[in-house]
Amino acid sequence: MIYEFNKLPGIGPKTSEKFVYFLLNQPREEIDNFVRALNDLKEQIQVCTTCYNFSEKTPCVICGDPKRDKTVLCVVSESGDQAAIEKTGQFTGLYHILGGAINQIEGVGPEQLKIKELIGRIAANGIKEVILATNPDMEGETTAIYIAKQLESAEVKVTRLARGLPTGADLEYADEMTLTDALKGRREV
Ligand SMILES: [Zn+2]
């Protein structure tokens, strides 16, 4: 069990151990709830076939919402980033979740991300603006530059979040004000 917890991002062996002792002290019922939630994860959550976000149904609530602006697409690395932008309440368009960022050290190339799908989606759906909202770190910048290059000849406006976000920051953990400013001050690339 310690070994399993240790695989989770940001969790070291000490914390893993703490989790296990905590669980050992829980009543049987709590453990059952935990196991059930874990089992439901893969059974009830799927990936939206339009935006590639995790969802209980496909298309997801956002892709299926007729009130959303279908001409603007916000491109993010992970679901957590999408959730952070959505929380600002400032964005009314649709999202596209890449499933990571280009990272040469970890062997993540463009073909492992939903970039081909993004290009196809833009071409097929009359998208007018693509906001590149990848993290302001090296991987995020590399990914944004790569996508911008791929879209050079496309009839679409490509923008990038403003520089308000600190370099190396994780979008997911940026506060709402900073994120709102970054979104409003986005510039064309
Ligand atoms: Zn969706």
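None of these values were measured; they are calculated from a predicted model.

> Describe the coordination of the zinc ion, and please don't skip the residues or the numbers.
Coordination of the zinc ion by the protein is provided by Cys48 (SG), Cys51 (SG), Cys60 (SG) and Cys63 (SG), with metal-donor distances spanning 2.3 Å. Note that the zinc ion binds four donor atoms; their angles at the metal cover 105 to 116 degrees, and the shape is tetrahedral. For the zinc ion, the single-chain donor residues occur in sequence as C-x2-C-x8-C-x2-C. Of this pair, Cys51 sits in the loop between strand S1 (46–47) and strand S2 (54–55) while Cys63 sits in the loop between S2 and strand S3 (72–76); the two residues are 12 residues apart in sequence, bridging distant segments of the chain. On the basis of relative accessibility, which here comes to 3%, the residue Cys51 falls in the buried class. For Cys63, a relative accessible area of 12% puts it in the buried group.

> Summarise the layout of surface pockets; cite the residues concerned and give the values.
Computed from the structure, the largest pocket encloses a volume of approximately 280 Å³. Contributing to the lining of the largest pocket are 16 residues, with Glu78, Gly100, Ala101, Asn103 and Asn135 lying nearest its centre. When the residues that make up the lining of the largest pocket are grouped by side-chain class, the tally is three nonpolar, six polar and seven charged. Reported here for the second largest pocket is a volume of approximately 200 Å³. Listing elements by their share of the lining of the second largest pocket, those giving two or more residues are helix H1 (2–6) and helix H3 (28–44). Top contributing element to the lining of the second largest pocket by residue count: H3, with four residues. For the lining of the second largest pocket, the residue count by class is eight nonpolar, no polar and one charged.

> With reference to specific residues and values, describe the pairing of strand S4 (residues 94–97).
Burial along S4 is two-sided: the residues Leu94 and His96 and Tyr95 and Ile97 are all buried. Here four bridges tie S3 to S4, and the two strands are oriented parallel to one another. Counterpart to Cys74 in the pairing with S4 is Tyr95. The parallel pair S3 and S4, bridged by helix H4 (residues 79–88), forms a crossover whose chirality is right-handed.

> Pulling in residues and values, what's your account of the side chain of Asn135?
Along the polypeptide, Asn135 turns up in the loop between strand S5 (129–132) and helix H6 (138–150). Engagement of the side chain of Asn135 in a polar contact is seen with the backbone nitrogen of Leu171, the distance being 2.7 Å.

> Account for the environment of Lys114, with residues named and values stated.
Within the secondary structure, Lys114 is located in the loop between S4 and helix H5 (115–124). Not counting the four nearest positions on each side in its chain, Lys114 is found in contact with Tyr52, His96, Ile97 and Leu98.

> Please set out the packing of aromatic side chains residue by residue, giving values where relevant.
Tallying each qualifying case throughout the model produces two aromatic pairs. Note on Phe5 and Phe19: the rings are 5.1 Å apart at their centroids and 70 degrees apart in plane angle, and the pair reads as edge-to-face. Remark: Phe19 occurs in helix H2 (residues 13–24) and Phe5 occurs in helix H1; sequence separation between them is 14 residues. In this structure Phe19 comes out as partly exposed when scored by relative accessible area, which is 32%.

> Account for H6, with residues named and values stated.
Compared with the 18 Å implied by 1.5 Å per residue over 13 residues, the 18 Å span of H6 between its first and last C-alpha is a close match. Residues of H6 that are buried: Gly140, Thr143, Ala144 and Ile147. The arc that holds every buried residue of H6, seen down its axis, measures 100 degrees, which confines them to one face. For H6, the exposed residues lying more than 90 degrees away from the buried face are Met138, Ile145 and Lys149. Contact partners of the buried residues in H6: S3, H5, S5 and strand S6 (157–160).

Analysis parameters
Residues numbered from 1 in each chain as written. Predicted model: local features only at pLDDT ≥ 70, side-chain atom pairs only at ≥ 80, totals over all residues. Heavy atoms only, no water. Donors = N, O, S within 2.8 Å, 3.2 Å for Na, K, Ca; no water. Tetrahedral: all angles 85-135°; square planar, octahedral: opposite > 155°, others 65-115°. Helix = DSSP H or I, 4+ residues; strand = E, 2+ residues; numbered from the N terminus. Buried < 20%, exposed > 50% of the residue type's maximum accessible area, 1.4 Å probe, protein only. 1 Å grid on protein atoms, 1.4 Å probe; cavity = no way out; pocket = protein on both sides within 12 Å on 5 of 7 lines; lining within 4 Å. Points joined across faces, edges and corners; volume = space filled by probe spheres on them. Nonpolar A, V, L, I, M, F, W, Y, C, P; charged D, E, K, R; others polar. Pairing = 2+ DSSP bridges. Right-handed = clockwise from strand over helix to strand, strands pointing away. Polar contact = N/O pair within 3.5 Å; in protein donor to acceptor, adjacent residues only side chain to side chain. Contact = heavy atoms within 4.5 Å. Phe/Tyr/Trp six-rings, centres within 6.5 Å; stacked < 30°, edge-to-face > 60°. Expected span 1.5 Å × (residues − 1). Arc of directions from axis to C-beta.

Honestly, it's all geometry; don't read function into it.
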